[in-house]
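Residue strings, one per chain:
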Amino acid sequence: MTWFAKLGLKQKKAMISTALYLSMGKCAGKQLLNICAMQIQLFPEIFVALKSSQPAAVPLSLMKLTSCLERALGNVFLLIGKECPFLLRDLLVSKELAEVFGQSVMNILRVFIGSPCGLNLRNILWHGFASPQEIPPKYCSMLVLLTAGLGQLLKIYLQRTNFKFIHRPFLTFTQLKELIIFPDINDEVLSVVEELIKKSTFVLKIMIPFWEAVIMKFRSHRYADCIILLLTQLETGLRKVFTTVNKCPKRFLTAESTAFYTTFDEILAKQLSDDEINHLPLFLGEPAMEFLWDFLNHQEGPRVRDRLSHGEINVNDFPKEVTNQLLAFSIVLLLRFVEEDVLSVSKENASIKILIDCANCYCSQFHPVSQLKKKILYCEESITIWPQLPLVPVEQIQEATRLGSNSEANDCYHLIMKISSELQHYVPQVDCNLSNLLDNPPTAKWSLLLHELCSKRIRTLYCPRSVLEVLVILQKISAHCHLVSDQIIATTEIRFKQWTQKTLRSRQRQNYLRMLNSIKLLSPVLQLLLLLITLELVNIHIVNEKNACEYQQYLKFLKSVLQYTENLVTYSNQEKNKWDESINITHLVLVKIWAFTDKKQMLMHLAKKSPNKIIL
């Protein structure tokens, strides 16, 4: 009798089942390499999950598989198409994928992951509708085999067409420093959270295993797994609060094909689908709403749910910083839905108290208002470098004045004085005379004034279209000013080195001297423009008080300033060095600014209240 024959029936079945899984994994893996090569390590994890007793294992595997598959299908689409559809449902009905895989195969995929009339596994899981163990493991197994089949079909198609299959590179989070608001979560805090999830009404009882898995994944440094599960439960909890405060319990439904179901898009919106006011923002407060918009919606933000669910991020190299921030915010949210005695005890923990304080003080980091503030201060920082630039002796710079008339430059100085005197009435009451904008180098008080203005809190939630349009133009003006400054810094350093080494030709020498002479004018001009757009930013919401005609005139004025900065970028480029032309267009734009300012049509002029007093 062999050792196998001596085994019991259950043991035999277990061994055969394991062998089949391993065989299937080995066979499927070869085909999966064709379509999901950049996430191939995901599939051994799925086979382990299929045998796991952990409630969150299969749902997590399915979410990761659907995002990986969506990314891979997008890569296949680009073999033939030019612009990959953003939504999975549009991708699955594309003629491009049908051409590669066949329409019958695409119809099967739509049944599993692409239509509310089918299983709709992807949306049900990613939007937090499915409870632990609600999705049978057989669906995950079937999707793995489907993916392997797609790999085989792709291999055949590539052999027939000789096309080269290219995997798009993953996106990375480039602004991690701006994301870090909360301190690192330690094990002491995680222990508190383990108790909170049992006591907070934010958590649905049936979903507790998901929250327990969140903590477990964070502890084991599986940060992508942690945040994927956390996002689904954050949406589930907020959906519960949303339907409660808006008194629409019917909206708290599972994802049915015949019903409009509630997701983050509706939860975070200003109005409900029937145009009634959404009461959730008022209930949560601005700091919480700004955090959610920053992490989920704003185009310049991380948009973690979109990027993870669409497979744009490498889950094997997900940054701890992002997960830490969302988990910290979620902890504070849990605390808002506990009994008073539980809250009091939790606040006694110093680490928890810090998290609450950070959440209450949160200001948007990625709204266009915030982005403009950063651009202004980056530009200010660049301009303040100018005084440190190496320069040739003053008497040699003065030779440039004999190369042409200075009348236009003098007119520019005069206009700057007039505009500065006008702006003086609309800045905070500070011990700072704006005539010092003509000072070269820039004064410290000018920098401090910009910092003070940019520190003012400006409403960001649900900005009207007119506000957003103006912000876009102001951002572009600021970015071009910064580029001009950087170009001047780079050119000055290079030309000075060439000057000292005496490698400049006669014409280059004269052009260099013109540039140095022009810097004396461009410094106060850039300072003036930065102050101007900062004052407009502080009063940005006043734009809603303009009528249609006034608004169009205002946009036209801003676009003329934008055109000037674009031209200045071109003229100050090291390859162009058109410094006389720079003076000419500077004079023209200053005339326009003065004319518009004199009409009192700037936002600062229309502001009903004076800015708060700032003491420098």
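Coordinates for the structure precede this section.
Per chain, residues are indexed from 1 in the order of the written sequence. Residues qualify for local features only when their pLDDT is at least 70, as the model is predicted, and side-chain atom pairs are given and counted only at 80 or more; totals for whole chains, interfaces and linings, by contrast, use all residues. Heavy atoms from the whole structure form the basis of all side-chain values; hydrogens and water molecules are not counted.

A. Fine view of the state of the cysteines. Cysteine sulfurs are considered disulfide-paired once they come within 2.5 Å of each other. Applying the stated criterion across every chain, the model contains zero disulfides. For the unlinked cysteine C361, the closest cysteine sulfur is that of C358, found at 7.3 Å. In this structure C361 comes out as exposed when scored by relative accessible area, which is 58%. Only protein chains enter the calculation, and the probe is 1.4 Å; a residue is then buried if its accessible area is under 20% of its type maximum, exposed if over 50%, and partly exposed in between.

B. Local environment of the side chain of K546. The helix count covers DSSP runs of H or I at least four residues long, the strand count covers runs of E at least two residues long, and both are numbered beginning at the N terminus. Structurally, the position occupied by K546 is in the loop between α25 (506-538) and α26 (548-571). Buried and unpaired, K546 has E550 as its nearest opposite-charge partner, separated by 5.4 Å. A polar contact of 2.8 Å, which involves the side chain of K546, links it to the backbone oxygen of Q601. Setting aside residues up to four positions removed in sequence, K546 forms contacts with Y551, Y554, Q601, L603 and L606. Only four residue types enter the charge count: Lys and Arg as positive, Asp and Glu as negative, with His and the chain ends excluded. What counts as a salt bridge is simple: a side-chain nitrogen of Lys or Arg found within 4 Å of a carboxyl oxygen of Asp or Glu. A 3.5 Å cut-off defines polar contacts: any pair of N or O atoms within that distance qualifies, except that in protein one atom must be a possible hydrogen donor and the other a possible acceptor, and neighbouring residues in sequence count only when both atoms are side-chain atoms. The contact criterion used is simple: two residues touch if any of their non-hydrogen atoms lie within 4.5 Å.

C. The arrangement of the packing of aromatic side chains in detail. Any pair of Phe, Tyr and Trp rings, taking the six-membered ring for Trp, is counted once the centres come within 6.5 Å. Such a pair is stacked with planes under 30 degrees apart, edge-to-face with planes over 60 apart, and tilted for the rest. By the definition in use, this model includes 14 aromatic pairs. Taking 5.7 Å as the distance between ring centres and 85° as the angle between the ring planes, the aromatic pair formed by F173 and F318 counts as edge-to-face. With F173 in the loop between α8 (137-161) and α9 (176-179) and F318 in the loop between α16 (304-309) and α17 (320-335), this pair connects stretches of sequence that are 145 residues apart. Considered together, F173 and F318 belong to a single accessibility category, that of buried residues. Taken together, a centroid distance of 6.0 Å and an interplanar angle of 70° make the contact between F182 and F291 edge-to-face. With F182 in the loop between α9 and α10 (187-199) and F291 in helix α15 (residues 286-296), this residue pair connects regions lying 109 residues apart in the sequence. Each member of the pair F182 and F291 is classed as buried. Two limits define a charge over a ring: the Lys NZ or Arg CZ must be within 6 Å of the ring centre, and within 35 degrees of the ring normal. Here the basic side chain of R336 rests over the ring of F283, its NZ or CZ set 5.5 Å away from the ring centre. One cation-aromatic arrangement involves K374 over F366; the distance from NZ or CZ to the ring centre is 5.1 Å.

D. Looking closely at the packing of helix α3 (residues 57-77) against helix α12 (residues 223-245). Their axes nearest at 11 Å, the elements α3 and α12 cross at an angle of 100°. With respect to α12, the element α3 is oriented roughly perpendicular. For the pair formed by α3 and α12, the contact residues are L60, M63 and K64 on the first element and D225, I228, L229 and T232 on the second. To get an axis, a line is fitted to the C-alpha atoms, and for a helix only the part in contact is used. The angle between two axes follows their N-to-C directions and goes from 0 to 180 degrees. Under this scheme an angle from 65 to 115 degrees is roughly perpendicular, one under 35 degrees roughly parallel, and one over 145 degrees roughly antiparallel; angles in between are oblique.

Just distances and angles here, no functional claims.
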